[in-house]
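Inside the fold
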Amino acid sequence: MRPVVAIDDLNTYYFREQMPTLSETRRDIVLGLFVAPAPAKTPKNTLVIAEAIDDVITLDPHDVGEIGGVLTTNQVYQTLCTYDTANPENIQGVLAEKWSLADDGVTFTFTMRENAVFASGNPVTARDAEYSLHRLVKLKSRSAPIITQFGFTPENINERIKATDDRTLVIKVGEAYAPSFLLYCLSSYPGAIVDSKLVKDHEKDGDMGQAWLKAENSAGSGPYVLSMWKPKEKIVLKRNENYWGAKPAVETVILRHIAESSTQRLMLEKGDIDIANKLGPDELEAMAGNADIRIQQGLSGTIYYMGLNARNEYLAKKEVRQALKHLVDYQGIVETISRGTMEVHQTFLPRGFLGAVDANPFALDPAKAKSLLQQAGVAGEIELGMVVWNVPPYVDFAQAIQATFAQGGIKLNLEMVDGKQWLTRYRNHDLDIWLGLWGPDYPDPHSNAKAFSVNGAFSPDKNDTLADRFGWTNEELSVRAMAAVRERDTAKRHQMYQEIQKDHQQSAPFVYCFQEKRAVAMRNNVTGLVMGAMFADDRYWNTTK
Amino acid sequence: MSLAWVRQLPNTAATFIITLFGLICITFFIGRIVPIDPVAAIVGDKAPQEVYDRVYHELGMDKPAIVQFGKYVLKSIRGDFGTSFVTNRPVLQDIIVFFPATLELATVGILIGIFLGIPAGVVAAVWRDRWIDHLIRIVGLVGYSIPFFWLALVCLFVFYAKLDLVGGPGRLDTFFEDIVPTVTGMLIIDALLAGEWEVLVNALYHLLLPGLLLGYISMAYISRMTRSVMLEQLTKEYMITARVKGLGEIHIVFHHALRNAMIPMITVIALTYGYLLEGSVLLETIFAWPGLGNYIASSLLSADMNAVLGGTLLVGTIFIVLNMISDILYRILDPRSR
């Protein structure tokens, strides 16, 4: 094959020869049509990942929120610290070398790593960390609550997070929490450290570089840089040649938008893509015998649940809520519908997190459900509505649940709606029951504990939580959960969460059903993929082909 | 050839504008009635109230509907369809990026439809009720009855996965992407202009299967309509006259019957082309084809109303223009309408 011109974003020119003559051209076209086309396998130095990325609206690390966006920023930017995915309780420094907590319990001092540099060549300093965390709060982005829950506001942030010199960052939180709590939050994707000099150079009208970073630009220190973003088509990452750590073996990573899972499967089998992220149980089973494909299982923190609106006259009664928990065929759904992609899980902390407990006391039991309903004073058949996103797996879950509800004398009306309507109804709590999922924002138990068992009134930031959304107020559990996040002894903290969950599942308006088991399929020559426990937390920089 | 059609132009232009305006009205107000919260779509479900309020104001949603509509119409006239909050580009630019892919595919489809469908229809009409007629009609019937989603997946499975005869989903292999500079957005033309023959061949391989599938659907419809109008022509009196005069059968079929049959077929072909240009969402999803259908559908699911309206206006305009062209061609080709 003759070398062709390729011009990529880093302005590298590859050499090309003279324009072909007419007879050469004719020969090429004829040959091309009759000879088999160039092998459709992906190039050796490129990792092609199939994912649904048509909803990515920004690649600004402090504003990002969709799967494609977070996957990208996780390869391009780095945080102060991270955690070992195999053992989430083990926290390690990335851009911060070490840290310490003063005796007052609120003042953290981070020492930055000396040899870290950004892709631009600028060194990573505490001032960049300061700028980044300030930016997250001042932009009032949708991910800001992860940090602002520590009592930071745009008004006090300049005082609370300060770089005292190039290597030292001091963070003063609002109250004395468990130290791991802050560290887990800082390890999450909104805690990305950006190149403050580069971003300030591209600032426009005081937007802190938001317009620039929203587009096809990056200012990170990670193993890859953003090379191209064609919205709804693909995101291309190129190896960071200035990377301060071990440079990745794979030069180019491409996230391709391929929405249809059957298409992903066919392309993976042909070698046109290397990794397929969005395969359903049908495709995984069909590929089980294929020697060219390997399926890697990972921990996922996502929990599927039904939110019961406690404002509804029936759902306000605890016995009714408990009855509903006995009207779902958890095991049946896992075995027949999900087939390897879900496991039964009935508490609010996913397996693999600090404080997780193996407590699944509910099973399908219509007789018990009926007796609970009678205790609640509910006579005869009652009707409830459930808002369901009209895509798998929700559709299948909903139909199964409707059937088992009927066994308990409850007529469940399913409202199948599209994704945006589903979110709108949930926000407005304009429903009886909502079938959905929850992914923790950071690998600390407080993320879920706060969402499901703490009312805004009892939390320092006063923000509404899921408990509020579903109209349930419980002071006792709120107080206990807030005490757990302040407990400095990790073992004790672990135990507190376990007890909270057991009590919570006996009264809360949440029917926890399943925890997701993520499965990613790849060509068997791809090794080194690290699957994180968090949302869109796959790490591609250790892969080889 | 009289210039009557030129004198009709003001009428045509007026119809065009009124139809377009009606289209804008309906799409805009449907967009406002649909129970999707575009602000929640942008900020997500975990955002605090102040972020929500800020975006609400930025989108101009605090102004009355009539004001929003008026502003929208004025901007559309200038070609400003707003910015897509997903792609962060002007919608017009998005359309310039995504439409050529659909245009390329649709053009391949309609050409296949015309060059296979019309001869098939003629053959079926001339040899009516013979086995060839039945065969053509069955093939056509299968074409527009079969669930397209299923057919596309099965063809992809057979011809791409198993037999390796065609290129896979997507417009190019990863290896050939981003080599040819974008001039028109249609890879065939751009590759020809750049002289990149390997890219051209690869693009053709990828166009082959989706193009054939679209061609099959249009062929099914076109052949059936051609057969219909041809049968009508073949039984007309002038045919008997021509045969009596001693003209050869092939001559009268092609020179007389077919030419007359083509006049109503113009409308059929124009509408089929318009239908293909709308961008088949199913096809584009299965073949990961970054075209207009995908763009409008994903914008709708993201509640990106600027993009949806822009895309819908484009599709509406295409239909209106195609209708106009077929009207004009009608008047040129059919002397009786003058």
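Residues numbered from 1 in each chain as written. Chains lettered and ligands numbered in written order. Predicted model: local features only at pLDDT ≥ 70, side-chain atom pairs only at ≥ 80, totals over all residues.

Some thoughts on the overall build of chain B
Put simply, the rule is: Helix numbers and strand numbers start at the N terminus; a helix is a DSSP run of H or I with at least 4 residues, a strand a run of E with at least 2. Whether a residue is buried, exposed or partly exposed is read from the other C-beta atoms within 10 Å of its own C-beta, which are placed from the backbone; 20 or more gives buried, 12 or fewer gives exposed, and intermediate counts give partly exposed. Residues are scored as being in contact if the C-beta atoms we place from backbone atoms lie within 7 Å.
For chain B, the count of helices and strands is 15 helices and zero strands. Principal axes of the C-alpha set define a box for chain B whose edges measure 85 × 55 × 40 Å. For chain B, buried positions account for 42% of its 338 residues. When contacts within chain B are restricted to residue pairs at least 6 apart in sequence, those whose partners lie at least 24 apart make up 72%.

Quick notes on the overall build of chain A
To be explicit about the condition: The globule rule used here is 2.2 Å times the number of residues to the 0.38 power, and the radius of gyration it is set against is calculated over C-alpha atoms.
The helix and strand tally for chain A stands at 19 helices and 17 strands. The C-alpha atoms of chain A give a radius of gyration of 26 Å, which matches the 24 Å a tight globule of 545 residues would have. When the backbone C-alpha atoms are referred to their principal axes, chain A occupies close to 90 × 65 × 40 Å. A burial count over chain A gives 50% of its 545 residues as buried.

Describing the domain arrangement of chain A
Residue and element names in this part refer to chain A. So the rule is basically this: Start and end positions for the domains come from either an automated domain assignment or a database one. Charged means Asp, Glu, Lys or Arg here, nonpolar means Ala, Val, Leu, Ile, Met, Phe, Trp, Tyr, Cys or Pro, and polar covers whatever is left, Gly included.
According to the domain assignment, chain A consists of domain 1 (1-36), domain 2 (39-55 + 222-292 + 524-545), domain 3 (78-199) and domain 4 (302-518). Distance from the C-alpha centre of domain 2 to the C-alpha centre of domain 4: 33 Å. Counting residues at the interface gives eight residues for domain 2, matched by ten residues for domain 4. Considered class by class, the residues forming the side of domain 2 that touches domain 4 number six nonpolar, one polar and one charged.

Overview of the packing of helix α18 (residues 475-486) of chain A against helix α19 (residues 490-504) of chain A
Residue and element names in this part refer to chain A. Going by this rule: Axes here mean lines fitted to C-alpha atoms, for a helix over just the part in contact, with angles spanning 0 to 180 degrees between N-to-C directions. Each angle is binned into one of four classes, with values under 35 degrees roughly parallel, values over 145 roughly antiparallel, values of 65 to 115 roughly perpendicular, and all other values oblique. Handedness of a helix crossing follows the sense of rotation of the near helix relative to the far helix, less than a right angle counterclockwise being left-handed and clockwise being right-handed.
At a minimum axis separation of 9 Å, α18 and α19 run at an interaxial angle of 160°. Between α18 and α19, the angle falls in the class roughly antiparallel. As α18 runs across α19, the sense of the crossing is left-handed. Each of Leu477, Arg480, Ala481, Ala483 and Ala484 in α18 lies in contact with α19, whose residues at this interface are Arg493, Met496, Tyr497, Ile500, Asp503 and His504. Each residue belonging to the contact of α18 with α19 can be placed in one class, and the counts come to seven nonpolar, one polar and three charged.

Section: the environment of Glu104(B)
All names here are of chain B. Within the secondary structure, Glu104 is located in helix α6 (residues 91-126). A residue is classified by how many C-beta atoms lie within 10 Å of it, and Glu104, with 23 of them, is buried. Considered as a pair, Glu104 and Leu207 are 103 residues apart in the sequence and their alpha carbons are 8.6 Å apart. Excluding its chain neighbours within four sequence positions, the residues that come into contact with Glu104 are Met186, Leu187, Ile188 and Leu207.

Remarks on the pairing of strand β16 (residues 433-438) of chain A
Residue and element names in this part refer to chain A. Condition: Note: two strands are recorded as paired if DSSP finds a minimum of 2 bridges between them.
As paired strands, strand β12 (residues 293-308) and β16 are joined by six bridges and run antiparallel to one another. Considered in β16, the bridge of Tyr304 is made with Leu437. Here two bridges tie strand β14 (residues 382-389) to β16, and the two strands are oriented parallel to one another. Across the sheet, residue Val387 finds its bridge partner in β16, namely Trp434.

A short note on helix α3 (residues 126-138) of chain A
All names here are of chain A. Using the following cut-off: Expected helix span is given by 1.5 Å per residue-to-residue step, counting one fewer step than there are residues.
The end-to-end C-alpha separation of α3 is 18 Å, in line with the 18 Å expected for 13 residues at 1.5 Å each. Next to the buried residues of α3 lie β5 (107-112), α4 (145-148), α5 (157-160), β6 (161-165), β7 (168-172) and α7 (196-201). Just downstream of α3, Lys140 is the residue with a positive phi angle, here 50°.

Considerations on the environment of Phe16(B)
Residues and elements named next belong to chain B. Here Phe16 lies in helix α2 (residues 9-33). Phe16 sits in the partly exposed class, given 15 other C-beta atoms within 10 Å. A C-alpha to C-alpha distance of 40 Å links Phe16 and Gly168, two positions 152 residues apart in sequence. Leaving out residues up to four positions away in the same chain, Phe16 has contacts with Ile320 and Met324.

Here we look at the sheet that holds β6(A)
All names here are of chain A. Sheet architecture is open: four strands sit in the order β4-β5-β7-β6, paired in antiparallel fashion. Either end of the sheet is taken by a strand with one partner, and the two such strands are β4 (96-101) and β6. Put simply, the sheet's adjacent strands are angled 25° from each other on average, direction ignored. For β5 and β7, the ladder comprises five bridges, and the chain directions are antiparallel. By the bridge assignment, Thr111 is partnered in β7 with Thr168. Across the sheet, α3 lies against β5, β6 and β7, angled at about 170° from β6, the strand it touches most.

Brief notes about the packing of helix α9 (residues 187-194) of chain B against helix α10 (residues 197-234) of chain B
Residues and elements named next belong to chain B. Relative to each other, α9 and α10 sit at 165°, their axes nearing to 8 Å. By the criterion of interaxial angle, the relationship of α9 to α10 is roughly antiparallel. α9 and α10 meet at a crossing whose hand is left-handed. Facing Leu187, Ile188, Ala191 and Leu192 of α9, the residues of α10 in contact are Val199, Leu200 and Ala203. Residues of the contact of α9 with α10, tallied by class, amount to seven nonpolar, no polar and no charged.

Remarks on the confidence of the model for chain A
Any residue range with low pLDDT should be treated as having predicted coordinates unsuitable for detailed reading. All names here are of chain A. The line we're drawing: Here pLDDT means the predictor's own confidence in every residue, given as a number from 0 to 100.
The predicted model of chain A has a mean per-residue pLDDT of 88, with 92% of residues at 70 or higher. Confidence drops under pLDDT 50 across residues 1-20; counting only partners more than four residues distant or on other chains, this segment forms 25 contacts. Note on residues 35-39: pLDDT under 50 across the span, and eight contacts to partners over four residues away in sequence or across chains.

Points about the environment of Ala270(B)
Residues and elements named next belong to chain B. With respect to the helices and strands, Ala270 occurs in helix α12 (residues 249-277). The class for Ala270 is buried, based on 21 C-beta atoms found within 10 Å. The sequence separation of Ala270 and Pro90 amounts to 180 residues, and the corresponding C-alpha distance is 29 Å. Beyond its immediate chain neighbours, meaning those up to four positions away, Ala270 contacts Leu322, Asn323, Ile325 and Ser326.

As for unusual backbone geometry
All names here are of chain A. The residue after Pro392, namely Pro393, is reached through a cis peptide bond having omega 0°. Unlike most non-glycine residues, Lys140 shows phi in positive territory, near 50°. For Lys140, the location among the structural elements is in the loop between α3 and α4. Here Lys140 falls in the partly exposed class, since 17 other C-beta atoms lie within 10 Å of it.

A short note on helix α13 (residues 366-375) of chain A
Residue and element names in this part refer to chain A. Threshold: As used here, the arc belongs to the directions running from the helix axis to the C-beta atoms.
Looking only at α13, the buried set comprises Ala369, Leu372 and Leu373. Along the axis of α13, the buried residues cluster in a sector spanning 100°; they form a single face. Residues of α13 that are exposed and angled more than 90 degrees away from the buried face: Ala367 and Gln374. The secondary structure elements touched by the buried residues of α13 are α11 (318-325). Immediately beyond the C-terminal end of α13, within one or two residues, lies Gly377, with a positive phi of roughly 85°.

Observations regarding the pairing of β6(A)
Consecutive residues of a regular strand have side chains that alternate between opposite faces of the sheet. Note: β6(A) against β7(A), four bridges, orientation antiparallel. Counted as the bridge partner of Ala163(A) is Leu169(A) from β7(A).

Section: the confidence of the model for chain B
Residue and element names in this part refer to chain B. Here chain B shows a mean pLDDT of 86. Residues at 70 or above account for 96%. Predicted confidence in chain B is weakest over helix α1 (residues 4-7), with a mean pLDDT of 67, and strongest over α6, with 93. Model confidence for the complex is summarised by a pTM of 0.82, with the ipTM given as 0.84.

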